[in-house]
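# A structural walkthrough
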Amino acid sequence: MKSENTNELSRIMNKDNMTDFLRKNPFFWSRLGFCYDPPRAGADGKQILFSRDFEGYRRVHRQFADAGVKLHTTILHSGWVADGKFDYTLTDEILDEVFRGNPDIYYMPRVKLNVPPDWCRNHPEDTFVYYFGPRDAESIAALACTPRHDYFGFDSDGYAVNGGNGVWKDDRVNRGGLIGLKSFSSEKWVSDASDALQRLLVHLSESEYADRIIGVHVAYGMCGETNLWGSWSPLDNEKAGLYGHRGDFGVNNRRRFREYGIHKYGSESAMLGKWGDPEPPTPLAREGVRDSLGGMFFPEGSKERDYFEFVSGTNADAIEAYCRIVKESSPLFGHELCAGVFYGYMYLPQAANTGHLALRRIIDSEYVDFLSSPKGYFRCLAGDPGGEQGPSESVAKKKAWLDEIDNHTHLDRRPEGRAANEDESLTLLWRESVKNITHDQGFWWMDLGEGWYDSPALMGAISRITSLQSEIADTPSKSAAEILLVVDDASLAATSISYGLNNGLMYQLHSELKLCGAPVDTLLLDDMLTSDLSRYKMIVFANCFRFDDGERERILEKVSGKLVIWHYAAGIMAPEYSPDNYTQLTGFRMREIKRWDDRFCGYMSDYSNGHFRPAGDFPLFSPDPDGAEVYSVYPDGDPMCCVRGKTVACACPSLKAADFREFARRAGVTIMCPSDCAVFADNRVVGFFPKEGFDGEITLRGEKISVSVPAKGRLVFRIRDGRYERIE
């Protein structure tokens, strides 16, 4: 139903300013509408909703609206209740409750498109099947809606995240599944879910709230985050049930993978010449422990590498199909709708299994306005640097990146992983918001614990942060970073999954680098090659193992004159595997060394990879110093990190914040805080978040300022007319 507000919405958010609007305006997310996923009815025949504390939810939405946060989002039931059956009773109830008492907010529903479980019984050929699951349609159908049907993509004693202050309990144990829900490659699912989405959008456009709905956050897969079923589960063949979760061995997925190979290589015989057989690679083929460098990397034409490309490609097909439906439904609402998804989780140790490596395609898609992920869950407490799940700054070059700020404040009812007190909670709010503001990214405040912000001090901080965003909105952000971190999604698809190595390169390295006391930017390798690098003095390459023909020379020319840190086997595929490629890139010869145990991974054991496998699940090598500086050594004395001029070859993800700070000094980088401290800065805002208490001098535009910041505290400045004004 259109109203006078339609013209207002078209003015403030349209096709021309969509990305900018999403970046500059914060959202609030609550558990209002949090329902069972996949769609499931309770004993009363109604769709399960975890809590009907609507009054409490509305109160918090009002608090955020009064704090200046006018964009709101919750889960909204799709109305798809069974195969071929639709009922919008719960959908309408949630819509009414969202706007009751909050008629002035704008709303972006998160709509989950996972199939109702009975769909799998009716369409067994299109059902996701785990490695130890059956291969024929009749046996698959027999497992649907039984205890061996995995509804979530991971083993759990019930729906893991419930509501009602923890009162609601699931009566269905979800363990030992042999099948998941739909295959991500299923054309039948894309067709049926597209129909469900179109029906919902028509229903919403006819509601009295149509002029307040700004778009749709499309969701499906594990937790709605477009991750393939089972892809987060640890690989461990000694723990029952976990080993078999990897991959989709369903009837039509196997057929489509075979067709993909035939299309790529021109004929079935050519495909078989590359792969040997047409079946998807086994879990161990993709991520077994490797004992040599040659075994760590998949050559062009290998089944494993093609499989990673295939699952990401079919996932991207679904994303574009659904986002296109949202965009093309805009005329029904009388204003442009935004569309986006959770995607780009390439920092997960097992990222290649998730279907999240078609990042460039999604960034370039005309149908996708925003990408999102929860903030990083690694080292994210007060005193930590925080982080992301993917290369948000590369996404933000073309799309809006919406960071899900779901840090557990001290008010969370669960003690694990929460802030210790109100002051730590305030540090988390400022750190996460300043991180996003200075990187020109959007975000939403998430109240996953029902009451995370129920404090005058916390809501006061959110009001101040929202006002800050409004005040600086018309000033374009310009990064203050002189350090660039480079990551590569294409290399992940060509590398055997190693939890120890990937955890070190994608989590540990990022955290230590961000604590070096200077701001850091992060870009994908292909974006680095097309970006202006003139302001950067130090460039750190994390997992850049694979280069196309001629790319090595382009990279070396691009980084000429800067201090460069190469990690692990950088450039060893150029494009085919050869240790000589590493030498031509870094100037150092390499020598594989024998492991002395299965635990050494180069970084602190306190930061476990948490995947039930020893962290030392990757081969080691030593760079030959040949007269160069040996900066650090392995426990057995072999060189581990060597330096020649402005080239640093670090064979293991072992550098700590103090090491990065030392190399930054050598590069001439301005160290804004000479301590382990995360610094986020652009031309508008600067934030300091030290790991330990800091008493000393910080540097702001060449000026030394004496400060005292307690451990796990914060120091935030607004830059106005060249002057620094402390605001926190």
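Remember, it's a predicted structure, so these values are computed and weren't measured experimentally.

### What about the overall build of the protein?
Of the regular secondary structure elements, the protein holds 23 helices and 28 strands. Relative to the globule expectation of 27 Å for 728 residues, the C-alpha radius of gyration of the protein, 25 Å, shows essentially globular dimensions. Overall, the C-alpha framework of the protein stretches about 75 × 70 × 45 Å when taken along its three principal axes. Across the 728 residues of the protein, 65% fall into the buried class.

### Focus on the sheet that holds strand S23 (residues 677–681)
Strand order in the open sheet formed by 4 strands is S23-S24-S27-S28, with antiparallel pairing between adjacent strands. Either end of the sheet is taken by a strand with one partner, and the two such strands are S23 and strand S28 (723–726). Neighbour-to-neighbour, the strand axes of the sheet open up by a mean angle of 20°, direction not taken into account.

### Some details on the state of the cysteines
A complete count under the given rule lists 0 disulfides for this structure. Left without a disulfide partner, Cys120 is nearest to the cysteine sulfur of Cys145, which lies 7.3 Å away. Not engaged in a disulfide, the cysteine Cys323 finds its nearest cysteine sulfur in Cys338; these two sulfurs lie 9.7 Å apart.

### Points about the pattern of salt bridges
Under the defined criterion, the tally for this structure stands at 60 salt bridges. Across the salt bridge formed by Arg324 and Glu328, the nearest N and O atoms sit 2.8 Å from each other. In this pair, Arg324 and Glu328 both sit in helix H12 (residues 303–328), 4 residues apart, roughly one turn of the helix. For Glu482, the salt bridge is made with Lys537, and the minimal N-O distance between the two is 3.7 Å. Of this pair, Glu482 sits in the loop between helix H17 (456–472) and strand S14 (483–487) while Lys537 sits in the loop between helix H20 (525–530) and strand S16 (538–541); the two residues are 55 residues apart in sequence, bridging distant segments of the chain.

### Some thoughts on the nonpolar core
Soluble globular proteins tend to pack their nonpolar side chains together in the buried interior. Membership of the largest hydrophobic core comes to 199 residues, with the highest contact counts inside it found for Leu371, Trp445, Met538 and Tyr568. Setting aside anything within four residues of it in sequence, one finds Met538 in contact with Glu482, Ile483, Leu484, Leu513, Leu563, Ile565, Phe660, Phe663, Ala664, Ala667 and Val669. Core analysis: the next-biggest nonpolar cluster, separate from the first, contains 20 residues, Leu484, Val486, Cys544 and Ala574 among them.

### Quick look at H12
In this model H12 runs 37 Å from its N-terminal to its C-terminal C-alpha over 26 residues, within 8% of the 38 Å that 1.5 Å per residue would give. Within H12, 21 of the 26 residues are buried, which leaves it mostly tucked inside the rest of the structure.

### Regarding the packing of helix H7 (residues 187–205) against H12
Axis separation between H7 and H12 bottoms out at 10 Å; the angle between their running directions is 20°. Compared by their axis directions, H7 and H12 come out roughly parallel. Crossing handedness for the pair H7 and H12: right-handed. Between H7 and H12, the contacting residues are Trp189, Val190, Ala193, Ser194, Leu197, Gln198 and Leu201 on the first element and Ala318, Ala321, Tyr322, Ile325 and Val326 on the second. Classifying every residue of the contact of H7 with H12 gives 10 nonpolar, 2 polar and no charged.

### With respect to helix H19 (residues 499–514)
Over its 16 residues, H19 runs 21 Å from end to end, which matches the ideal 22 Å to within 8%, given 1.5 Å per residue. At Gln508, H19 shows its largest kink, close to 35°. For H19, a buried count of 16 out of 16 residues is recorded, marking the element as mostly surrounded by other parts of the structure. A side-chain oxygen of the first residue of H19 lies 3.0 Å from the backbone nitrogen of Leu501; this N-cap is Ser498.

### A closer look at the packing of aromatic side chains
For the structure on display, the rule yields 50 aromatic pairs. Here Phe128 and Tyr130 contribute two aromatic rings whose centre-to-centre distance is 5.7 Å and whose plane-to-plane angle is 70°, an arrangement assigned as edge-to-face. Classification of Phe128 as buried rests on a relative accessible area of 1%. Judged by relative accessible area, which is 1%, Tyr130 ranks as buried. When the ring of Tyr631 is compared with that of Phe663, the centres are 4.7 Å apart and the planes differ by 40°; the resulting orientation is tilted. Here Phe663 lies in helix H23 (residues 657–667) and Tyr631 lies in strand S20 (residues 629–633), a separation of 32 residues in the sequence. What makes Phe663 buried here is its relative accessible area of 0%.

What counts and what doesn't
Starting from 1, residues in each chain are numbered consecutively following that chain's sequence as written. Totals for whole chains, interfaces and linings use every residue, but because this is a predicted model, local features are given only for residues with pLDDT of at least 70 and side-chain atom pairs only at 80 or more, for both listing and counting. Side-chain measures here rest on the full set of heavy atoms in the structure, leaving out hydrogens and waters. Segments assigned H or I by DSSP are reported as helices when at least four residues long, segments assigned E as strands when at least two residues long, and all are numbered from the N terminus. Our radius of gyration is a C-alpha quantity, and the globule rule it is checked against amounts to 2.2 Å times the number of residues to the power 0.38. Buried means the residue's accessible area, taken with a 1.4 Å probe over protein chains only, is under 20% of the maximum for its type, while exposed means over 50%, and partly exposed covers the values in between. If DSSP finds at least two bridges between two strands, the strands pair. Axis definition: a line fit to C-alpha positions, over the contact stretch in the case of helices; interaxial angles, taken between N-to-C directions, run 0 to 180 degrees. In this description, a disulfide is simply a cysteine sulfur pair whose atoms lie within 2.5 Å. Salt bridge, as used here: a side-chain nitrogen of Lys or Arg that lies within 4 Å of a carboxyl oxygen of Asp or Glu. To define a nonpolar core, start from buried Ala, Val, Leu, Ile, Met, Phe, Trp, Tyr and Cys residues and group those joined through side-chain atoms within 4.5 Å. In what follows, a contact means two residues having at least one pair of non-hydrogen atoms within 4.5 Å. One less than the number of residues in a helix, times 1.5 Å, gives the span that helix is expected to have. Roughly parallel covers angles under 35 degrees, roughly antiparallel covers those over 145, roughly perpendicular covers 65 to 115, and oblique covers all other angles. Put simply, a crossing is left-handed when the front helix is turned counterclockwise from the back one by less than a right angle, and right-handed when it is turned clockwise. Residues are sorted three ways: Asp, Glu, Lys and Arg are charged, Ala, Val, Leu, Ile, Met, Phe, Trp, Tyr, Cys and Pro are nonpolar, and all the rest, Gly among them, are polar. One axis fitted to the seven residues ending at a residue, another fitted to the seven starting there: the angle between these axes is the bend at that residue. N or O atoms within 3.5 Å of each other form a polar contact, as long as, within protein, one can give a hydrogen and the other can take it, and as long as residues adjacent in sequence are counted only when both atoms are side-chain atoms. Whether two aromatic rings pair depends on their centres lying within 6.5 Å, for rings of Phe, Tyr and Trp, where Trp uses its six-membered ring; planes under 30 degrees apart make the pair stacked, over 60 edge-to-face, and the rest tilted.

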